[in-house]
Amino acid sequence: MFKRKLLGVGLALFVLVLVTARPAQAHPIVVQTDPPDGATLDTAPGQVRLFLNQPVLLDFTTVELVDGDGNRFSPLAIQPDTENGTAPAAGTANQAANLLIKLPSLPPNTYRVAWKTRSEDDFHISAGTIVFGIQRVVNESAPGGPALPSWWDLTLRWLNFGALAGVIGLLGFRLLVLPEEKLLKDAEKSSHRENLAVLQERLNRYARWAGWVALALGLAFFGGQGLADNLSGERWWELLTGTTFGLRWLAGEIILGLLLALLYSGVGRVKSPLYNRSILVLLVALAGTASQNTHAGLPGSSPVLNILADSLHLFAACLWLGGLVAVLLALGQGYKNAQTEGSNLAWLILRRFSKLAALNLFVLAVTGFYKSGQQIASLDGLLTTLYGQTLMVKFQLVLFAALIGLLNALILHPGLRRWLHLDSSRFKIKPRFLKRALLLEIGTLGIVMGFAAFLSGAEPARGPEFSPFNQATTASNASYSAAVNDLIVSFSVKPNRPGRNFVDLNIFNTRRPAPAPFAKVRLMLTSPNGQENLVELPSDGNGHYQLSGDQLQNAGDWQIGVAIERSNLPIAQTSFAWKVLATQETGSRRPVVFSNQPLQPWFNLAAGLILLAGSLFWLIWRLAGKRFLAHPINILITFVAIKRN
Ligand code: HEM
């Protein structure tokens, strides 16, 4: 029955995923700007373009334009960038994937453009700045700090996770853990029936309270988001009905409302399978909608897998934490004798819960590692960002909670103690100890929820500044060779982005002996704006010429002319197109501290290995029987036997 119920949860999740799956969205990230950050322009640009990786809400976008003397200018308009084929789809006039900011006419100076916008999908904030100069040289602006959630956003998210744990955990405990009468000894049935009725009523009552709290917190969260943006009445409505964030929030509140209605109408119906199944489906739907208010997966990753991982993660987290509270309630409700070994009934409840807790930990680890791979770009992302460091602390707290759980499991499962060859006399249960251990586990998981709240509101450690240096793009742009008369000329630039660069020119004479030494080598650099700059290259000897300086100031298409003078020979000339890449195209804006190589494959591998190990363990357990596993060595033998067959 227990397994059938779990299967039911899985089925409900699967249906939820099929109904809600959509292309994966992410925290909105500006992947490129035009002009690029740090550009020096000859003439005033009429507009600034922001290229984003997902739709944002036009009505919730603000732009500040300030010059180097502190004078403020108002942009003429903020509109979708239709020139780049990103016109909003019909019915979504308020959204745009790329933004075009029309500027007033600007005199020569340096300028800073700062924007703040909101994701259409999850209402997360994306903010950033670029600087550019008009006839003034500027340096690329330093990458800003991470966008952190406000204190009230963080608190509401945390409390909300707690309330959801109350609803999902208490009801999940009632539906999945409390044993059916047929599992009990005859002598226990009557006392169990009495205790069970009271306990079920208590669990339902506390779940209703938690439901009200979750409903109120949901309202506060939605209201808070709107108030933070000073919304007028009309825009509230737009936020509610015209955005994925608003519609999903509404769906979550409706599900909570339905659940509450069901709980209030359910007095005396707790034994009805249809009633209980309906509650289970609503719990899964609740976890499904609530888990989507965090960061979704990377663009390009499977939306089905992402929604499944998010929903399972939140469901398992709530079931573990809320279930522990339910165990405490159970111990206080007629099951006190659980604290003296020998009560089959109380023992049954605790053991069933500890199995469910182990399953939750397994699910959390698999989905947690998978989700980490979606949010953490690289080792640098993990070790040097607040998001990555928070995740690592969270992981350690989870390990601590798992250790307490293991200790409880050792107390509750004599088989486990025997298996690990532990002295059973040392694990005699002491009533106070069990309660304290449970409280410690609840407290630790509560803090884990706080860290999760921070993670779900903060900016994840991914984005263009984490992308590894794009060797392919750079290599194809960073060198050029051509035959010019009897010479072979090769030209390269590093780092080939606006600002200070190192130009290398190698000239090789194919004739032997060389007809004449090189006298002068000149470059004509024509910028994307048509400005010409003639420079003479100093020689290093052996046909090698070098130039270092700020000549290549603008990203875009340059024309490079090379003129090589030799005495008594005609000037050898060539000209070619050259692209100076924008900052974001050429490589990481973050200095590499440890490594900027993608970490996602390793996280996925960890998730896969945990999944495989857990499944194998379960399979061997089922196939070989518990007695066979009386010694860890036997697991090894089973592995070898399975491999041989
Ligand atoms: C191996 C252990 C775990 C890892 C690696 C892990 C990792 C993660 C990651 C990467 C996120 C995504 C946050 C975002 O959207 O940016 C997350 C979310 C979350 N985690 Fe964990 N987690 C683990 C265990 C736990 C545990 C034990 C709990 C609580 C009992 C928990 C509760 C949550 C909650 C409530 C969320 C937000 C909702 C969601 O995205 O589903 N996690 N976790």
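Our structure is the block above this text.
Calculation notes
Once a new chain begins, its residue numbering starts again from 1 and follows that chain's sequence as written. Since the coordinates come from a predicted model, pLDDT governs what is reported: local features require at least 70, and pairs of side-chain atoms require 80 or more to be given and counted, while whole-chain, interface and lining totals use all residues. Each side-chain value is derived from all of the structure's non-hydrogen atoms; neither hydrogens nor water enter the calculation. One heavy atom suffices: a residue is near a molecule or strand as soon as one of its heavy atoms comes within 4 Å of it. We call two N or O atoms a polar contact when they sit within 3.5 Å, provided that within protein one can donate a hydrogen and the other can accept it, with sequence-adjacent residues counted only if both atoms are side-chain atoms. Under the DSSP-based scheme used, a helix requires at least four consecutive residues in state H or I and a strand at least two consecutive residues in state E, with every element numbered from the N terminus. Only Asp, Glu, Lys and Arg are considered charged in this grouping, and only Ala, Val, Leu, Ile, Met, Phe, Trp, Tyr, Cys and Pro are considered nonpolar; every other residue, Gly among them, is considered polar. Pairing between strands requires that DSSP locate at least two bridges from one strand to the other. The span one expects for a helix is its residue count, reduced by one, times 1.5 Å. Under the scheme applied here, a residue whose accessible area is under 20% of the maximum for its type counts as buried, over 50% as exposed, and between as partly exposed, the area being computed with a 1.4 Å probe on protein chains only. Aromatic rings from Phe, Tyr and Trp, taking only the six-membered ring of Trp, are treated as a pair when their centres fall within 6.5 Å; an angle between ring planes under 30 degrees marks them as stacked, one over 60 as edge-to-face, and anything in between as tilted. The rule for a charge over a ring is simple: NZ of Lys or CZ of Arg within 6 Å of the ring centre, and within 35 degrees of the ring normal. By definition, residues are in contact when any of their heavy atoms lie within 4.5 Å. Lines fitted to the C-alpha atoms define the axes, with helices restricted to the stretch that makes contact. Angles between their N-to-C directions range from 0 to 180 degrees. Orientation labels follow simple angle bins: below 35 degrees gives roughly parallel, above 145 gives roughly antiparallel, 65 to 115 gives roughly perpendicular, and whatever is left gives oblique. To form a nonpolar core, buried Ala, Val, Leu, Ile, Met, Phe, Trp, Tyr and Cys residues must be joined to one another through side-chain atoms within 4.5 Å. Each domain's extent was defined by an automatic or database domain assignment.

**Let's talk about the site of the ligand**
Turning to step 1, where the next piece is worked out: The environment of the ligand is made up of 26 residues, and the closest members are His-295, His-313, Lys-371, Tyr-387 and Lys-394.
Turning to step 2, where the next piece is worked out: Contact between the ligand and Asp-310: an oxygen atom at 3.2 Å from a main-chain N or O atom of the residue.
Turning to step 3, where the next piece is worked out: Contact distances for the ligand include 2.4 Å between an oxygen atom and a side-chain N or O atom of Tyr-387.
Turning to step 4, where the next piece is worked out: Elements that contribute at least two residues to the shell around the ligand include exactly α7 (303–332), α8 (344–375), α10 (386–412) and α12 (431–457).
Turning to step 5, where the next piece is worked out: Grouping the constituent residues of the shell around the ligand by class yields 16 nonpolar, 7 polar and 3 charged.

**A few points about the sheet that holds strand β4 (residues 62–67)**
Turning to step 1, where the next piece is worked out: Across the sheet, which stays open at both edges, the 5 strands sit in the order β2-β9-β8-β4-β5 with mixed pairing between neighbours. The two strands at the open ends of the sheet, each matched to only one other strand, are β2 (39–41) and β5 (72–73).
Turning to step 2, where the next piece is worked out: Bridge analysis of β2 against strand β9 (residues 125–134) gives 3 bridges, and the strand direction is parallel. Bridged to Thr-40 within β9 is Gly-133.

**A few points about α7**
Turning to step 1, where the next piece is worked out: If you check α7, its first and last C-alpha atoms are 43 Å apart, about what 30 residues at 1.5 Å a residue would give, namely 44 Å.
Turning to step 2, where the next piece is worked out: For α7, a buried count of 23 out of 30 residues is recorded, marking the element as mostly surrounded by other parts of the structure.

**Some details on the packing of aromatic side chains**
Turning to step 1, where the next piece is worked out: Under the defined criterion, the tally for this structure stands at 14 aromatic pairs.
Turning to step 2, where the next piece is worked out: The interplanar angle of 55 degrees and the centroid separation of 6.4 Å between the aromatic rings of Trp-212 and Tyr-264 together place this pair among those described as tilted. In this pair, Trp-212 sits in helix α3 (residues 186–228) while Tyr-264 sits in helix α5 (residues 244–265), placing the two residues 52 residues apart along the sequence.
Turning to step 3, where the next piece is worked out: Here Phe-222 and Trp-249 contribute two aromatic rings whose centre-to-centre distance is 4.3 Å and whose plane-to-plane angle is 20 degrees, an arrangement assigned as stacked. Here Trp-249 lies in helix α5 and Phe-222 lies in helix α3, a separation of 27 residues in the sequence. We note that Phe-222, like Trp-249, is buried.
Turning to step 4, where the next piece is worked out: Members of the aromatic cluster, joined through ring pairs, are Phe-221, Phe-222, Trp-236, Phe-245 and Trp-249.
Turning to step 5, where the next piece is worked out: A cation sits over an aromatic face here: Arg-205 above Tyr-206, 5.7 Å from the ring centre.
Turning to step 6, where the next piece is worked out: When the ring centre of Tyr-264 is taken as origin, the NZ or CZ atom of Arg-208, which lies over that ring, is 4.8 Å away.

**Some remarks on the environment of Tyr-370**
Turning to step 1, where the next piece is worked out: The topology assignment puts Tyr-370 in helix α8.
Turning to step 2, where the next piece is worked out: As a C-alpha pair, Tyr-370 and Asn-306 span 64 residues in sequence and 8.7 Å in three-dimensional space.
Turning to step 3, where the next piece is worked out: Non-local contacts of Tyr-370, meaning those with residues more than four positions away in its chain, are made with Ser-302, Leu-305, Asn-306, Ala-309, Asn-604 and Ala-607.
Turning to step 4, where the next piece is worked out: Reaching out from Tyr-370, the side chain makes a polar contact with the side chain of Asn-306 at a distance of 2.8 Å.

**What about the sheet that holds strand β18 (residues 572–580)?**
Turning to step 1, where the next piece is worked out: In spatial order, the strands read β14-β13-β17-β18; together these 4 strands make up an open sheet with antiparallel pairing. Bordering the open sheet on either side are β14 (532–536) and β18, each of which pairs with just one other strand. Neighbour-to-neighbour, the strand axes of this sheet turn through a mean angle of 20 degrees, independent of strand direction.
Turning to step 2, where the next piece is worked out: Note: strand β17 (residues 556–566) against β18, 9 bridges, orientation antiparallel. Bridging across to β18, Ile-564 finds its partner in Ala-572.

**Looking at the packing of helix α4 (residues 233–241) against α5**
Relative placement of two packed helices is described by the angle separating their axes and the distance separating the axes.
Turning to step 1, where the next piece is worked out: At a minimum axis distance of 5 Å, the contact between α4 and α5 shows a crossing angle of 75 degrees. The angle between α4 and α5 falls in the class roughly perpendicular. In this structure, α4 uses Leu-239, Leu-240 and Thr-241 to contact α5, whose residues at the interface are Phe-245, Gly-246, Leu-247, Trp-249 and Leu-250.
Turning to step 2, where the next piece is worked out: Partitioned by chemical class, the residues of the contact of α4 with α5 number 6 nonpolar, 2 polar and no charged.

**Observations regarding the environment of Ala-330**
Turning to step 1, where the next piece is worked out: Its location among the elements puts Ala-330 in helix α7.
Turning to step 2, where the next piece is worked out: In this structure Ala-330 comes out as buried when scored by relative accessible area, which is 3%.
Turning to step 3, where the next piece is worked out: For the pair Ala-330 and Asn-195, spaced 135 residues apart in sequence, the C-alpha to C-alpha distance is 8.8 Å.

**Considering the nonpolar core**
Turning to step 1, where the next piece is worked out: Among the nonpolar cores identified, the biggest contains 82 residues, and Phe-173 and Leu-283 are the most heavily contacted of them.
Turning to step 2, where the next piece is worked out: The residues that make up this core include at least three from each of domain 1 (30–134) and domain 2 (149–465).
Turning to step 3, where the next piece is worked out: In contact with Leu-283, other than residues within four places in its own chain, are Val-167, Ile-168, Leu-171, Gly-172, Leu-259 and Phe-315.
Turning to step 4, where the next piece is worked out: Grouped together as the second largest cluster of nonpolar side chains are 24 residues, Leu-487, Leu-505, Ile-564 and Ala-572 included.

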